[in-house]
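Residue strings, one per chain:
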Amino acid sequence: MNNTYSDLVEQTFNFPQEDFKVKDDYLQYNGQDLKALIDKYGTPLKVTYLPKIGMQINKAKKMFEVAFKKHKYEGKYNYCYCTKSSHFSFIVEEALKHNIHLETSFAYDIDIVNKLYQKKKINKETFIICNGYKQKPYTNRIVKLLNSGFKNVIPVLDNMEELKAYKSVKDPFKLGIRVAAEEEPTFPFYTSRLGMRAKDILEFYVDQIEGYEHKFQLKMLHIFLNKGIKDDIYYWSELNKVINLYCQLKKICPELDSINIGGGFPIKHSLGFEYDYQFMINEIVRNIKVACVRNKVPMPNIFTEFGSYTVGESMAHIYSVIGEKRQNDREIWYMIDSSFITTLPDTWGIGEKFLMLPINKWEEEYQRVTLGGITCDSHDYYDSEEHINEVFLPKVGNGNTEPLYVGFFHTGAYQDQISGYGGIKHCLIPSPKHIIIGHDKNGKLHDWVYAKEQTAQSMLKILGY
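Here's a quick rundown of the structure. In this text, all values refer to a predicted model and were calculated from it rather than measured experimentally.

**What about the overall build of the protein?**
Okay, so step 1: Helix and strand counts for the protein come out as 14 helices and 22 strands.
Okay, so step 2: Computed over the C-alpha atoms, the radius of gyration of the protein is 24 Å, within 12% of the 23 Å expected from 2.2 N^0.38 for a compact globule of 465 residues.
Okay, so step 3: Projected onto its principal axes, the C-alpha coordinates of the protein cover approximately 80 × 55 × 50 Å.
Okay, so step 4: Looking at the 465 residues of the protein, the share that counts as buried comes to 54%.
Okay, so step 5: Pairs at least 24 residues apart make up 73% of the contacts formed inside the protein by residues separated by at least 6 positions.
Okay, so step 6: Within the structure as shown, the protein displays about 21900 Å² of accessible surface, and the carbon and sulfur contribution to it stands at 50%.

Here you go:
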């Protein structure tokens, strides 16, 4: 019986895959030599591979183009990047190279918009979709953007009172309304805390918006489902509620011309990942068209706000296994040189499973293990993968051999935001060194250090020592 780690993977999945292959017994990620990066920079290590962002954006644009052509769809498609997934300049500016728009969720996002405009990365025609439950610092910044001539800033109303915050906008501007989605029965609450109840929106439009077109125009209905875009009855039911509401409103609101379906495309968290993106896009487009034809109203423009889909697959976290511990007859611990709580907080907070693979030792025998971080927290561990309730990794060998390197892939969305980039970490475990791989001015790939590993001095300064 073959029992090397390589045999395990090849017997379980179709391998190699588009972004993963093994060359000379070392894993490559998007064609990048991970062992060379480890040798150059050490571990723990964060790696951002910028070209993946454009690949994801253009893949989605192409699939919507195919769906529009197939269904003879008459609206336009607009790809927005959800900035809260990763606010870093190198991420947002890379995404903007591919003719996209932006979605914001808090006041300080507008400061980023202003910086991007100053650097000529966006212009006053760029769509800025402003979501979220807004406080005065947020609405005041939106008003300033609108009064400075940004033509496609669309504040998406989260509640009825929000409209009053825009009374000082000088010229007519565009509005959106977020429709509160019904959540899955397994959720701890029935309706999203964000947005307005669907049954209240028609009355709100008639009372508060209709007749005030010289001040503002309702242009967009917005929906987002926490569970994401999935092929099940629940998703199609909620989507069709918004489509039908659009059709009702369109008959009395000729300015309404867009449906924003938010984000929710999944990313690969296992080598066994299967998701038919093209089918889902085809069905979304078809459902919207069918309802519009039935109701004899024009088809809306479609907006998406993909965050995780845009940036998630562009990052990897790499650790060294620094020790093996046998705590009883059944459990083997591999201790890593960092912490899951501090570097991949979703593994701890919501039980997220990332795509985990060893970098080396693919021809060694494998065994079932639990990965442990080095904080003093009992929850700092990783013990199952998305496709199986276990973790298998190569045996580490004796102390004279190269250490086992373990990579967690597609970690680019939310992890840095949630953990707090830099700053103070649990048990003062430092943030790892962060490497970026991207194209230089001549189009050649190169890597550089974006941030060094956090120092004791930087932490002590924050703590007031």
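Resuming the write-up.
**A short note on helix α1 (residues 5–12)**
Okay, so step 1: Listing the buried residues of α1 in full gives Tyr5, Ser6, Asp7, Leu8 and Val9.
Okay, so step 2: On its buried face, α1 is in contact with β15 (355–358), β16 (366–368) and β19 (392–394).

**Focus: the sheet that holds strand β8 (residues 153–157)**
Okay, so step 1: Taken together, the eight strands give a closed barrel; going around it, the order is β5-β6-β7-β8-β9-β10-β11-β12, and neighbouring strands pair in parallel fashion. Each adjacent strand pair in this sheet contributes to an overall mean axis angle of 30 degrees, direction not counted.
Okay, so step 2: Across two bridges, β8 lies against strand β9 (residues 173–178) in parallel orientation. Residue pairing across strands places Val156 opposite Gly176, the latter belonging to β9.
Okay, so step 3: Its contacts with the sheet place helix α6 (residues 136–147) against β6 (101–104), β7 (128–130), β8 and β9, and it is angled at close to 150 degrees to β8.

**Describing the side chain of Glu162**
Okay, so step 1: Within the secondary structure, Glu162 sits in the loop between β8 and β9.
Okay, so step 2: With relative accessibility at 6%, the residue Glu162 sits in the buried group.
Okay, so step 3: A distance of 2.6 Å separates polar atoms of two side chains, one belonging to Glu162 and the other to Tyr166.
Okay, so step 4: Sequence-distant contacts of Glu162, defined by excluding residues within four places in its chain, comprise Gly132, Lys134, Pro155, Val156 and Leu157.

**Observations regarding the pattern of salt bridges**
Okay, so step 1: All told, the structure shown has 21 salt bridges when counted by the stated rule.
Okay, so step 2: Between Lys62 and Glu65 there is a salt bridge, with its nearest N and O atoms 3.8 Å apart. One end of the pair, Lys62, and the other, Glu65, are both in helix α3 (residues 51–71), three residues apart, so they sit about a helical turn from each other.
Okay, so step 3: Measuring nitrogen to oxygen at the nearest pair gives 3.1 Å for the salt bridge that ties Lys219 to Asp257. Here Lys219 is found in strand β10 (residues 216–222), whereas its partner Asp257 is found in the loop between α8 (233–250) and β11 (258–260), with 38 residues between them in sequence.
Okay, so step 4: On the basis of relative accessible area, Asp257 is assigned to the partly exposed category, the value being 24%.

**Structural notes on α8**
Okay, so step 1: Counted at 1.5 Å a residue, the expected span for α8 with its 18 residues is 26 Å, and the 25 Å between its end C-alpha atoms agrees.
Okay, so step 2: Buried residues belonging to α8 abut α7 (198–209), β10, β11 and α9 (277–295).

**Some details on the pairing of β10**
Okay, so step 1: The element β10 is extensively covered by neighbouring structure, given that six of its seven residues are classed as buried.
Okay, so step 2: In this structure, β9 lies alongside β10, joined through six bridges in parallel fashion. Considered in β10, the bridge of Ile177 is made with Leu221.
Okay, so step 3: Pairing between β10 and β11: three bridges, direction parallel. Looking at the pairing, His222 lines up with Asn260 of β11.
Okay, so step 4: In this region the chain leaves β10, passes through α8 and returns to the parallel neighbour β11; the handedness of that crossover is right-handed.

**Focus: the side chain of Asn78**
Okay, so step 1: With respect to the secondary-structure elements, Asn78 resides in strand β5 (residues 77–82).
Okay, so step 2: Separated by 3.5 Å, the side chains of Asn78 and His101 make a polar contact.
Okay, so step 3: Among residues more than four places away in sequence, those in contact with Asn78 are His101, Phe127, Ile302, Phe303 and Thr304.

**Some details on the packing of aromatic side chains**
Okay, so step 1: Taken as a whole, this structure holds 37 aromatic pairs when the rule is applied.
Okay, so step 2: With a centroid separation of 5.4 Å and an interplanar angle of 65 degrees, the aromatic rings of Phe340 and Phe408 are classed as edge-to-face. With Phe340 in helix α11 (residues 340–343) and Phe408 in strand β20 (residues 405–409), the pair connects residues that are 68 residues apart, well separated along the chain.
Okay, so step 3: You can call Phe408 buried: its relative accessible area is 0%.
Okay, so step 4: One aromatic cluster in this structure is built from Tyr79, Phe265, Phe273, Tyr275, Tyr277, Phe306 and Tyr309.
Okay, so step 5: Stacked on the ring of Tyr382, the Lys or Arg Lys353 has its end atom at 5.5 Å from the ring centre.

Cut-offs applied
- Residues numbered from 1 in each chain as written.
- Predicted model: local features only at pLDDT ≥ 70, side-chain atom pairs only at ≥ 80, totals over all residues.
- Heavy atoms only, no water.
- Helix = DSSP H or I, 4+ residues; strand = E, 2+ residues; numbered from the N terminus.
- Rg over C-alpha atoms; globule rule 2.2 N^0.38 Å.
- Buried < 20%, exposed > 50% of the residue type's maximum accessible area, 1.4 Å probe, protein only.
- Contact = heavy atoms within 4.5 Å.
- Areas by Shrake-Rupley, 256 points an atom, 1.4 Å probe, with all protein chains shown as cover.
- Pairing = 2+ DSSP bridges.
- Axes fitted to C-alpha atoms, helices over the stretch in contact; angles between N-to-C directions.
- Polar contact = N/O pair within 3.5 Å; in protein donor to acceptor, adjacent residues only side chain to side chain.
- Salt bridge = Lys/Arg side-chain N within 4 Å of Asp/Glu carboxyl O.
- Expected span 1.5 Å × (residues − 1).
- Right-handed = clockwise from strand over helix to strand, strands pointing away.
- Phe/Tyr/Trp six-rings, centres within 6.5 Å; stacked < 30°, edge-to-face > 60°.
- Lys NZ or Arg CZ within 6 Å of the ring centre and 35° of its normal.

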